[in-house]
Amino acid sequence: MIYLFSHGGDEIDGVYQSHPIRTILADQIFGRLWALNPMDNNVYCYMTPTNENEIGKCLQEEEILLDFTDEQFEPSTMIQSDQSIGLIDTEHDLYRLYTKDDKLRLITTYENSHNQQWKLTDGVIFKDNRTLLKLTEDKCSIDSNDRLKKNGFHNNPRRCLIELTPDGQEKHRIQADTLYSMALGKHFFFR
Amino acid sequence: MADDYGQISVYSLPKSKSYIKPSIIGTGELFPKNSRLLLESFTVYEFAIVAYVRRFEQRSNEIEHSKLIKAGLPIMKGEQVCFYIFNLSLNYFFCFFSRVVVMIMVV
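Everything numeric here is computed off the predicted structure, so don't read it as measured data.

Caption draft 1: Summary view of the side chain of Thr-136 of chain A. Residues and elements named next belong to chain A. Structurally, Thr-136 can be placed in strand S12 (residues 131-137). Of note is the side chain of Thr-136, whose polar atom sits 2.8 Å from the side chain of Thr-121. Residues within four places of Thr-136 in sequence aside, it is in contact with Gln-117, Trp-118, Lys-119, Thr-121, Pro-157, Arg-158 and Arg-159.

Caption draft 2: Representation of the pairing of strand S5 (residues 42-47) of chain A. All names here are of chain A. Judged by how many residues are buried, S5 sits mostly within the fold: five of six residues are covered. The pairing of strand S4 (residues 32-37) with S5 spans six bridges and is classified as antiparallel. Each residue of the ladder has a partner; that of Ala-35, found in S5, is Tyr-44. Hairpin connection between S4 and S5: a loop of four residues separates the two successive antiparallel strands, and Asn-41 in this loop has a positive phi of roughly 55°.

Caption draft 3: Seen up close, the pattern of salt bridges. Applying the stated rule across the entire model yields nine salt bridges over all chains. Among the salt bridges present, the one from Arg-22 of chain A reaches Glu-40 of chain B, with a minimum N-O distance of 3.0 Å. With Arg-22 of chain A in the loop between strand S2 (11-15) and strand S3 (23-27) and Glu-40 of chain B in strand S3 (residues 37-44), this residue pair bridges two chains. In this structure Arg-22 of chain A comes out as partly exposed when scored by relative accessible area, which is 22%. Taken together, the shared-partner salt bridges connect Asp-128, Arg-130, Glu-163 and Lys-171 of chain A into one network.

Caption draft 4: Structural detail: the sheet that holds strand S7 (residues 77-80) of chain A. All names here are of chain A. Strands sit in the order S7-S8-S9-S10 across an open sheet of four strands; the sheet is antiparallel. In this open sheet, the two strands that pair with only one neighbour each are S7 and strand S10 (106-111). Between one strand axis and the next, the sheet turns by 15° as a mean value, whatever way the strands run. Note that strand S8 (residues 84-89) and strand S9 (residues 94-99) share six bridges and pair antiparallel. Bridging from a neighbouring strand, Gly-86 pairs with Leu-97 of S9.

Caption draft 5: Structural view of the pairing of strand S13 (residues 159-164) of chain A. All names here are of chain A. With six of its six residues buried, S13 lies for the most part within the structure. A two-sided burial pattern is seen for S13, the buried positions comprising Arg-159, Leu-161 and Glu-163 on one face and Cys-160, Ile-162 and Leu-164 on the other. Two strands pair when backbone bridges link them, and S12 and S13 are joined in this way by six bridges, in the antiparallel orientation. Directly across from Leu-135, in S13, lies its bridge partner Cys-160. As judged from the five bridges shared by S13 and strand S14 (residues 170-175), these two strands associate in the antiparallel manner. Paired with Ile-162 across the strands is Arg-173, a residue of S14. In sequence, S13 turns back onto S14 through a hairpin of five residues, with Gly-168 there showing a positive phi of about 85°.

Caption draft 6: Focus on the environment of Tyr-95 of chain A. Residues and elements named next belong to chain A. With respect to the secondary-structure elements, Tyr-95 resides in strand S9. Using a relative accessible area of 0% as the deciding quantity, one classes Tyr-95 as buried. Along the primary structure Tyr-95 and Leu-164 are separated by 69 residues, whereas in three dimensions their C-alpha atoms are 11 Å apart.

Reading the values: the criteria
Residues numbered from 1 in each chain as written. Chains lettered and ligands numbered in written order. Predicted model: local features only at pLDDT ≥ 70, side-chain atom pairs only at ≥ 80, totals over all residues. Heavy atoms only, no water. Helix = DSSP H or I, 4+ residues; strand = E, 2+ residues; numbered from the N terminus. Polar contact = N/O pair within 3.5 Å; in protein donor to acceptor, adjacent residues only side chain to side chain. Contact = heavy atoms within 4.5 Å. Buried < 20%, exposed > 50% of the residue type's maximum accessible area, 1.4 Å probe, protein only. Pairing = 2+ DSSP bridges. Salt bridge = Lys/Arg side-chain N within 4 Å of Asp/Glu carboxyl O. Axes fitted to C-alpha atoms, helices over the stretch in contact; angles between N-to-C directions.

Written as structure tokens, this is what we have:
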């Protein structure tokens, strides 16, 4: 179900969806709600409802924008800036960045192939199309004894950040062991 | 900010570059914690907070099916739920049937 709530937390309306959604992102610039459908492996969008009467109509009409059915790319996380949209495939350790315009042009791709101990799990996109990707230590690939020695405690995978240039080159690697989530505001970066 | 169970906190952010920290506007819950619902994803825009919510059962159903899809078994749209319910009913039937047989044997 997709539910809409007022900013005060009161329920406005809800619409049933016949497929799962992994991520949903509101985009006021393009007037769209971007959604990631893991079952059909595609990215689609709804028009953004602007009042109560539009909710049912808007959330029943889906437009498929990117279809990865025949590709070895199964994104599970979607991130956005004002002009771009990024897709992260944690299983295959791949990242793709697209423009948000009508053509949805592929800007860059990145594959985390050098270090199998870390998996791509999240990110934020800057307005100049640099990306800060979050990597989480893959517990399965490390022997548990090694991890205990390195980390000191058991169920807490380490995290780190990679800054990517707009053409997908690694620029910096930042240690961020306890980073849980992050968001980019107009003037701030929160972690 | 929200957790998986729909507990939310709404903050306002300072508009200009400064060292002022975000201030909390309020906290609340989108649905009761014991409702077996999970907040899978949420997003905020001018008009509303949009939340995609699923039941625990739907999530395990999807995980089960993604394994089948990866194994190359085709599942038609619309069959997903029926297939699962059929599987469950079959399991319950065999469970019930075996209990009856055991009871008869005991008697």
